[in-house]
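Observations on the three-dimensional arrangement
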Amino acid sequence: MNDFTIIRRSMTGRMFSTVTTVVTVAVAVGLLLTLLSMKNAGRQAFERGSGNMHLLISGDASPMVAVLNGVFYANAPAKPIAWEKYEGIMADPRVEWAIPTQQGDSYEGYPVLATVPEIFEKFQPEAGRGWEWAAGRGFTGNFEVVLGSEAAAGTGLKLRDTLNLTHGTSNDRAAHVHEEFVYTVVGVLRPTGGPHDRAVFTNLESTWMVHANERMEREAGHDHSHDDEHAHDHSHGDEHAHDHGHDHDHDHAHEHENPVIELTDGDRLITGIYVKMATRPGAKVSAAMPQFAAELRARSGFTVAAPSDEMGKLFTIVSRVDVIFRALAVVVLVSSGIAIMLALYNSMSERRRQIAVLRVLGSSRGRIFGLVMTESALLGVLGAAVGLGLSVVGGVLASGVLRQNVGLVVSPVYGIQWVLPVLMGAVGLAALAGLVPAVMAYRTSVAKNLKPIG
């Protein structure tokens, strides 16, 4: 009987203990590897959303909130910005371009970003890489929409389909559908790996008209959300493809005449401005940016955020939490080593007679010592292998959750420079845990343990 057969029978003879120990090691290794693999990938994904803008101007309470709302669509910014304020910023010679945005509407849970056509020409969702079209084009007229890749996949919409946008979100009790206005899909974007993949893009003037119509109804004494003429019923929703759980291949030849609304200055409101400062050739950041931001804060009371700086602050906070999780993973790994030691230690009382028999059959003390150490290390190897598998599965699941809920593509990266040390550390710790049981086996008395039982 060779050594491997002896070890295998020993482990299978205590199957529950073996499986429990391997799972304990696997959980610790999997958690540690997942944290390490997701950390850098997550940072890159968050930085990807702000693209080539230098500043984000908003009425939100803080720069961090402004970036989370204005770039990552966490919530709709609450305080509007007058159009004339945007024009003043755009006219500043230190500004290369400024793109106005308005949020607050949604479609089947996906955020709507009302903006200008220049967003597809000047703003890059990932610095150095512009938008790419899967189908169609950008919007050029009123009541046209462009879908991010996630929004297109999630809603099932395609070119020339029509839809009605919702004021607010599905979680908002005051949310209602803009049923008087029908939008047409004119373009679908390729994935960018950032939050904009979840967005539905449309032009500002259309959004202004929609909300101006609601203002006019309120002024006329009509409550849009309770107006019988425009009540939300399933038949009307089907007519305009509002219920997109159904087939979108309806009759595209059917034309809906959207109302033409005369806008006032009070209707022309936005909630954010993407700004890129004028820079010298070869420079990534403008030296005038800090002064420009300070002037805006002092003069207009705007919240001016540098998205890259805010992401740095966010990951400083996250890294502190990350240290705690890593420490917990290490504690679990050490605990798994203790579990290995206890499992082998407790088995020694049952195995003393087996060890004594092996000694009689010619096995040396050194061989017995090696058998126990090898079994301990093998438990570590199995746990490390299963842990690596758990980490891969966990990374895929976490990536899917982030992509579904935040629109970020976070692909776990497994660098050999830290994966190998983690796996070797787990095996080494397991082997070390077998040292005490191995010494016990080494010292097992042959004569004492071969006495007749009973």
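Residues numbered from 1 in each chain as written. Predicted model: local features only at pLDDT ≥ 70, side-chain atom pairs only at ≥ 80, totals over all residues. Heavy atoms only, no water.

We now examine the overall build of the protein chain. When its secondary structure is counted, the protein chain shows 14 helices and 15 strands. Looking at the protein chain as a whole, 48% of its 454 residues are labelled buried. Of the contacts formed within the protein chain by residues at least 6 apart in sequence, a portion of 81% connects residues at least 24 apart. Carbon and sulfur atoms provide 59% of the accessible area of the protein chain, an area that totals close to 22200 Å². (Helix = DSSP H or I, 4+ residues; strand = E, 2+ residues; numbered from the N terminus. Buried < 20%, exposed > 50% of the residue type's maximum accessible area, 1.4 Å probe, protein only. Contact = heavy atoms within 4.5 Å. Areas by Shrake-Rupley, 256 points an atom, 1.4 Å probe, with all protein chains shown as cover.)

Next up on the list: the confidence of the model for the protein chain. Chain-level statistics for the protein chain give a pLDDT mean of 81 and a share of 79% at 70 or above. Throughout residues 224-254 the model reports pLDDT below 50, and contacts reaching past four residues in sequence, or to other chains, amount to 50 contacts. (pLDDT = per-residue confidence, 0-100.)

Attention shifts here to the nonpolar core. Counting residues in hydrophobic clusters, the biggest one holds 68 residues, and the most contacted among them are Leu 55, Ile 57, Ile 89, Phe 201, Tyr 274 and Val 275. Excluding residues that lie within four positions of it along the chain, Leu 55 makes contacts with Ile 273, Tyr 274, Val 275, Met 277, Met 289, Phe 292, Ala 293, Val 304, Ala 305, Ala 306 and Pro 307. Ile 7, Leu 32, Val 422 and Ala 426 belong to the second-largest nonpolar core, a separate cluster that totals 27 residues. (Core = buried A, V, L, I, M, F, W, Y, C linked by side-chain atoms within 4.5 Å.)

Here we come to the sheet that holds strand β1 (residues 55-58). Two pairing modes exist for strands in a sheet, parallel and antiparallel, and in both the strands are linked by backbone hydrogen bonds. The 4 strands lie next to each other as β3-β14-β1-β15, forming an open sheet whose pairing is antiparallel. Since the sheet does not close on itself, it has two edges, and those belong to β3 (95-101) and β15 (303-305), each with one partner. Averaged over all neighbouring strand pairs, the angle between strand axes comes to 20 degrees, with direction disregarded. Of the pairings in the sheet, the one linking β1 to strand β14 (residues 272-277) comprises 4 bridges and is antiparallel in character. By the bridge assignment for β14, Ser 58 is matched with Gly 272. Those strands touched by helix α3 (residues 63-70) are β1, β14 and β15, and its axis lies near 75 degrees from that of β15. (Pairing = 2+ DSSP bridges. Axes fitted to C-alpha atoms, helices over the stretch in contact; angles between N-to-C directions.)

Overall, the coordinates contain 11 salt bridges when judged by the stated rule. Residue Asp 92 pairs with Arg 94 through a salt bridge whose shortest N-O separation is 2.9 Å. On the basis of relative accessibility, which here comes to 14%, the residue Asp 92 falls in the buried class. Take Arg 94: its relative accessible area is 22%, and that puts it in the partly exposed class. Two residues, Arg 215 and Asp 267, come together in a salt bridge whose shortest N-O distance is 2.8 Å. Of the two residues, Arg 215 is situated in helix α7 (residues 204-219) and Asp 267 in the loop between α8 (234-239) and β13 (269-270); the sequence distance between them amounts to 52 residues. Across the pair, exposure class does not vary: Arg 215 and Asp 267 are buried alike. Connected through shared salt-bridge partners, Asp 92, Arg 94 and Glu 295 make up one network. (Salt bridge = Lys/Arg side-chain N within 4 Å of Asp/Glu carboxyl O.)

Nonpolar side chains collect at one region of the surface, where Met 15, Val 19, Val 23, Val 27, Val 386 and Leu 390 lie side by side and expose about 480 Å² of accessible area between them. By relative accessible area, Met 15 is classed as partly exposed at 44%. (Patch = residues over 30% accessible without salt bridge, like charges linked within 9 Å, V, L, I, M, F, W, Y side chains within 5 Å.)

It is worth spelling out the side chain of Thr 271 at this point. Here Thr 271 shows up in the loop between β13 and β14. There is a polar contact of 3.0 Å between the side chain of Thr 271 and the backbone nitrogen of Gln 103. For Thr 271, the residues in contact, after removing those within four places along its chain, are Ile 57, Ser 58, Gly 59, Pro 77, Lys 79, Ile 81, Thr 101, Gln 102 and Gln 103. (Polar contact = N/O pair within 3.5 Å; in protein donor to acceptor, adjacent residues only side chain to side chain.)

Mapped onto the elements of the fold, Gly 70 is located in helix α3. Along the sequence, Gly 70 and Ile 57 sit 13 residues apart, while their C-alpha atoms lie 8.9 Å from each other. Each residue touching Gly 70, except ones within four places of it in the same chain, is listed here: Leu 56, Gln 103 and Tyr 274.

In this section: the layout of surface pockets. Counted as a void, the largest pocket has a volume near 800 Å³. Around the largest pocket sit 36 residues that line it, and Ala 76, Gln 103, Gly 104, Asp 105 and His 167 are the ones nearest its centre. Secondary structure elements with two or more residues in the lining of the largest pocket: β4 (105-107), β5 (110-115), α7 and β13. Element by element, the count of residues in the lining of the largest pocket is highest for α7, at 7 residues. Among the residues forming the lining of the largest pocket, the class breakdown is 13 nonpolar, 15 polar and 8 charged. (1 Å grid on protein atoms, 1.4 Å probe; cavity = no way out; pocket = protein on both sides within 12 Å on 5 of 7 lines; lining within 4 Å. Points joined across faces, edges and corners; volume = space filled by probe spheres on them. Nonpolar A, V, L, I, M, F, W, Y, C, P; charged D, E, K, R; others polar.)

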